[in-house]
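Report on the structure
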Amino acid sequence: MECFMKANKVSNYNMRMLRENIRIPFTLIMVVLYVMESLFAVLAFSRSVHIDVTPFAFVFVVNHYGMQFVIAACAVILFCNAPFEDESYQYMISRAGKLAWGLGQILYITKMSILYTACLTAATIIPFLGHIQWSNEWGKIWGTLGKTNAGAEFGVELSISQNIMRQYEPVNALFISIFLEFSCILYIGLLVYFGNKMSAKSAGTFAGALIAVLDICVSNDWLDWAYGVSPVSLAQLGLFYGFAPKWGINLAYAEKFFMIAIVSLSALCVAANYREKVINRIIERRIHGR
């Protein structure tokens, strides 16, 4: 219990970067504005037909591969300063210990992933304030945009998946999409931390950038089975219909992928904090072996 209390203090210490590092709030604000701007065309369509919008835009935002690329790229920017070690690192780790420090970093990445996902969710609701129809139905706006090309006249870029609307209740689709998106962001954060910590450079940031681009690469040039190793792709409900199931790619696969990957990366992130100790032991053995 004491270890987890120390880990929470480490994560809270890192959260101060929200105030001290302008890059983080700036990134959050920019991605929120980007998502909101992408929904103004839907709002214009809603106003023109005098029908309010149900609050399920998040489902369709994260199913647009272009927007997913921006969201994932901004997630990499949020975590690119990993392993979050400043001038107080030696003092903090001597007080907390390597285990609590490592757990604290994982907890910090988790908190930031929750905050980021919450900002994205809010960004899909704010544009429609005053024009929201609170209902557990998809509603006429999303149904019309999905079945017709009416949105093209208003510049609606979102692809409204009829498969999603047929297969899921809207509230279920919303919560599943939020969970998958959170898992994807957390995966990216842990990957960036582990890579940067192990390389003592920006290898993790580079790996995170590749993950952000992977979905676009698979969509355009790669084989369909590669969707199964693309976290950004697996965060999209629309992927699980059509050709994907023949490769065993479905919601259950995505859930297992993220659970296994997040647990494994978390363990590696903790282990990475013992990197110096392992290296020193190897060096000592080589010296004594001579």
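Above: the structure in question.
Thresholds applied
Residues numbered from 1 in each chain as written. Predicted model: local features only at pLDDT ≥ 70, side-chain atom pairs only at ≥ 80, totals over all residues. Heavy atoms only, no water. Helix = DSSP H or I, 4+ residues; strand = E, 2+ residues; numbered from the N terminus. Buried < 20%, exposed > 50% of the residue type's maximum accessible area, 1.4 Å probe, protein only. 1 Å grid on protein atoms, 1.4 Å probe; cavity = no way out; pocket = protein on both sides within 12 Å on 5 of 7 lines; lining within 4 Å. Points joined across faces, edges and corners; volume = space filled by probe spheres on them. Contact = heavy atoms within 4.5 Å.

A cis amide bond, omega 15°, links Ala82 with the succeeding residue Pro83. A positive phi angle is found at His50, which is not glycine, with a value near 60°. Examined against the element boundaries, His50 turns out to sit in the loop between helix H3 (23-49) and helix H4 (57-61). On the accessibility criterion, His50 (71% relative accessible area) is exposed. Here the phi dihedral of Ala200 falls at roughly 60°; this positive angle occurs in a residue that is not glycine. Assignment of secondary structure puts Ala200 in the loop between helix H10 (170-199) and helix H11 (203-220). You can call Ala200 exposed: its relative accessible area is 58%.

Taken as a whole, the largest pocket encloses approximately 300 Å³ of empty space. If you go around the largest pocket, you meet 14 residues; those closest to its centre are Asn63, Tyr65, Gln236, Gly238 and Leu239. Its volume calculated, the second largest pocket comes out at about 170 Å³. Taken together, Lys6, Lys9, Val10, Tyr91, Met92, Arg95 and Ala96 form the lining of the second largest pocket. A total of 4 residues in the lining of the second largest pocket trace back to one element, the largest contributor, which is helix H6 (residues 89-96).

Along the polypeptide, Phe69 turns up in helix H5 (residues 65-79). A C-alpha to C-alpha distance of 9.8 Å links Phe69 and Ser233, two positions 164 residues apart in sequence. For Phe69, the contacting residues outside a window of four places in its chain are Ala212, Val213 and Ile216.

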